[in-house]
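Inside the fold
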Amino acid sequence: MKIYGIFGFPLKHTLSPAMHEAAFANLGIEAGYLPFELDRAGFRRVARQLAKSLLAGFNLTVPYKEAILPYLDKVAKEAAMIGAVNTVCRKGRKFWGYNTDWEGFALALREARFRARGKSVLLLGAGGAARACVYALGQGGARRIVLMNRHQANARKMSRHFQGLFRGIRFEVFPMRKFFLTQALRDSDLVVNATSVGLKREDRLGLTSGMLRRRRPFVFDLIYNPPETGLLKAARKAGCRTLNGLSMLVYQGARAFEIWTGRKAPLNLMRRSLKRTLG
Ligand code: NDP
């Protein structure tokens, strides 16, 4: 029996165990997937002793996607460029790190029939998920990316990093305030929320349906619970096409499953199990 899992804090609401266990059972793979809620000291202890553990692979979520890097033997090119690892696979006594969030984001956009090529994007956030989105948008040939974040310094750092990687994209950074949001929306084909604002129903990002109505961009909120955040509701009212984070979650999980098992992931079953768990 192989053991997989997820490291994070807090982890109470993770949907990954249900999704992966359904996939293992469906393909007759003898494996389990466990949540490991670890504080920072606990995470360091486990990370130092990975080779002694029984883990065949694991996922990482907030706040450990960057913290895992020094403990890995090898990091895939994309994960190194993004600067975050969300999937680790054991190879004997070695541990290799991957980033499947960017593929999850790219595949979710593709499924929604949104093509990034030549498009202008307003991206809110500068954490690990935002970096995966920028990488995917860069690979997809976006023309311009406007970054806004609560702490502007984080957005500036991210902009400098990716401008070096994607020279053909125009990166701009503005404060996350109404005036700049309104300006940026004038020329945005896609709006992405990669902040954690929206996880609570009362959370507001400051983007109203009035502001979105003018150009009606495609609006993608990476949050999947609640399924319709304040932003997605405003976007729907404005007549925009919208997408929540569920399909990204399925696709990033499916890629992780394939890295671990070498088998094709049962995508529809994984999606159904997530929907069932979400109720
Ligand atoms: P991080 O902790 O790395 O980043 C959090 C981001 O949210 C930062 O930009 C931070 O800004 C911002 N933020 C946090 N609190 C506030 C606040 N009160 N007001 C304004 N901005 C705030 O998390 P991740 O990047 O990993 O995740 C971000 C979101 O994306 C989460 O909601 C997560 O659930 C979702 N996600 C979804 C996935 C999917 O598969 N659908 C995959 C990965 C993530 P600052 O830099 O100023 O602190």
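Everything below is about the structure shown above.
Fair warning: this is a prediction, and the values are worked out from it, not measured in the lab.

A word on unusual backbone geometry
- With an omega of -5°, the peptide bond between Phe9 and Pro10 qualifies as cis.
- With an omega dihedral of 10°, the bond running from Asn225 to Pro226 counts as a cis peptide bond.
- Looking at where Pro226 falls in the secondary structure, it is placed in the loop between strand 11 (218-221) and helix 9 (230-237).
- Within the chain, Arg113 stands out as a residue other than glycine whose phi angle is a positive 60°.
- Mapping Arg113 onto the fold places it in the loop between helix 4 (101-111) and strand 7 (120-124).

Re helix 10 (residues 246-261)
- Across its 16 residues, helix 10 extends 22 Å between first and last C-alpha, which sits within 8% of the 22 Å expected from 1.5 Å per residue.
- Most of helix 10 sits inside the fold, with 13 of its 16 residues counted as buried.
- Gly262 lies just past helix 10 and shows a positive phi near 70°.

A look at the nonpolar core
- Judged by nonpolar contacts, the single largest core of 37 residues is most densely connected at Phe105, Leu123, Ile145 and Phe220.
- Contributions of two or more residues to this core are made by helix 4, strand 7, helix 5 (128-139), strand 8 (144-149), helix 6 (152-165), strand 9 (170-175), strand 10 (190-193) and strand 11.
- Broken down by element, this core gets its largest block of residues, 7 residues, from helix 5.
- Beyond its immediate sequence surroundings of up to four residues, Leu123 is in contact with Ala130, Cys133, Val134, Ile145, Val146, Leu147, Met148, Met158, Val192 and Ala194.

Considering the side chain of Asn244
- Structurally, Asn244 can be placed in the loop between strand 12 (242-243) and helix 10.
- From its side chain, Asn244 meets the backbone oxygen of Pro227 in a polar contact 3.1 Å long.
- Excluding its chain neighbours within four sequence positions, the residues that come into contact with Asn244 are Phe220, Asp221, Ile223, Tyr224, Pro227 and Leu232.

Quick look at the packing of aromatic side chains
- Applying the stated criterion across every chain, the model contains 16 aromatic pairs.
- Seen in terms of ring centroids, Phe105 and Phe220 are 5.1 Å apart; in terms of plane orientation they differ by 5°. Their pairing is stacked. With a gap of 115 residues between them, Phe105 in helix 4 and Phe220 in strand 11 connect regions that are remote in the sequence.
- Judged by relative accessible area, which is 0%, Phe105 ranks as buried.
- By the ring-pair criterion, three or more aromatic residues cluster together here, those being Phe7, Phe36, Phe43, Phe58, Tyr64 and Tyr71.
- The aromatic ring of Trp96 is capped on one face by Lys74, whose charged end is 4.1 Å from the ring centroid.
- Sitting above the plane of the Phe114 ring, Lys119 keeps its charged end 5.1 Å from the centroid.

Things to note about the site of the ligand
- The environment of the ligand is made up of 22 residues, and the closest members are Ala129, Asn149, Arg150, His151 and Asn154.
- At 3.5 Å, a backbone N or O of Thr195 approaches an oxygen atom of the ligand.
- Summarising the interface, the protein chains cover 77% of the accessible area of the ligand, which totals 930 Å² for the free molecule.
- Listing elements by their share of the shell around the ligand, those giving two or more residues are helix 5 and helix 10.
- Residues of the shell around the ligand, tallied by class, amount to 10 nonpolar, 9 polar and 3 charged.

Section: the pattern of salt bridges
- What the rule picks out here adds up to 12 salt bridges.
- Here Arg255 makes a salt bridge to Glu103, at a shortest N to O gap of 3.1 Å. Remark: Glu103 occurs in helix 4 and Arg255 occurs in helix 10; sequence separation between them is 152 residues.
- Taking relative accessible area as the criterion, Arg255 reaches 25% and is therefore assigned partly exposed.

Conventions used here
- Residues numbered from 1 in each chain as written.
- Predicted model: local features only at pLDDT ≥ 70, side-chain atom pairs only at ≥ 80, totals over all residues.
- Heavy atoms only, no water.
- Helix = DSSP H or I, 4+ residues; strand = E, 2+ residues; numbered from the N terminus.
- Expected span 1.5 Å × (residues − 1).
- Buried < 20%, exposed > 50% of the residue type's maximum accessible area, 1.4 Å probe, protein only.
- Core = buried A, V, L, I, M, F, W, Y, C linked by side-chain atoms within 4.5 Å.
- Contact = heavy atoms within 4.5 Å.
- Polar contact = N/O pair within 3.5 Å; in protein donor to acceptor, adjacent residues only side chain to side chain.
- Phe/Tyr/Trp six-rings, centres within 6.5 Å; stacked < 30°, edge-to-face > 60°.
- Lys NZ or Arg CZ within 6 Å of the ring centre and 35° of its normal.
- Near = heavy atom within 4 Å.
- Areas by Shrake-Rupley, 256 points an atom, 1.4 Å probe, with all protein chains shown as cover.
- Nonpolar A, V, L, I, M, F, W, Y, C, P; charged D, E, K, R; others polar.
- Salt bridge = Lys/Arg side-chain N within 4 Å of Asp/Glu carboxyl O.

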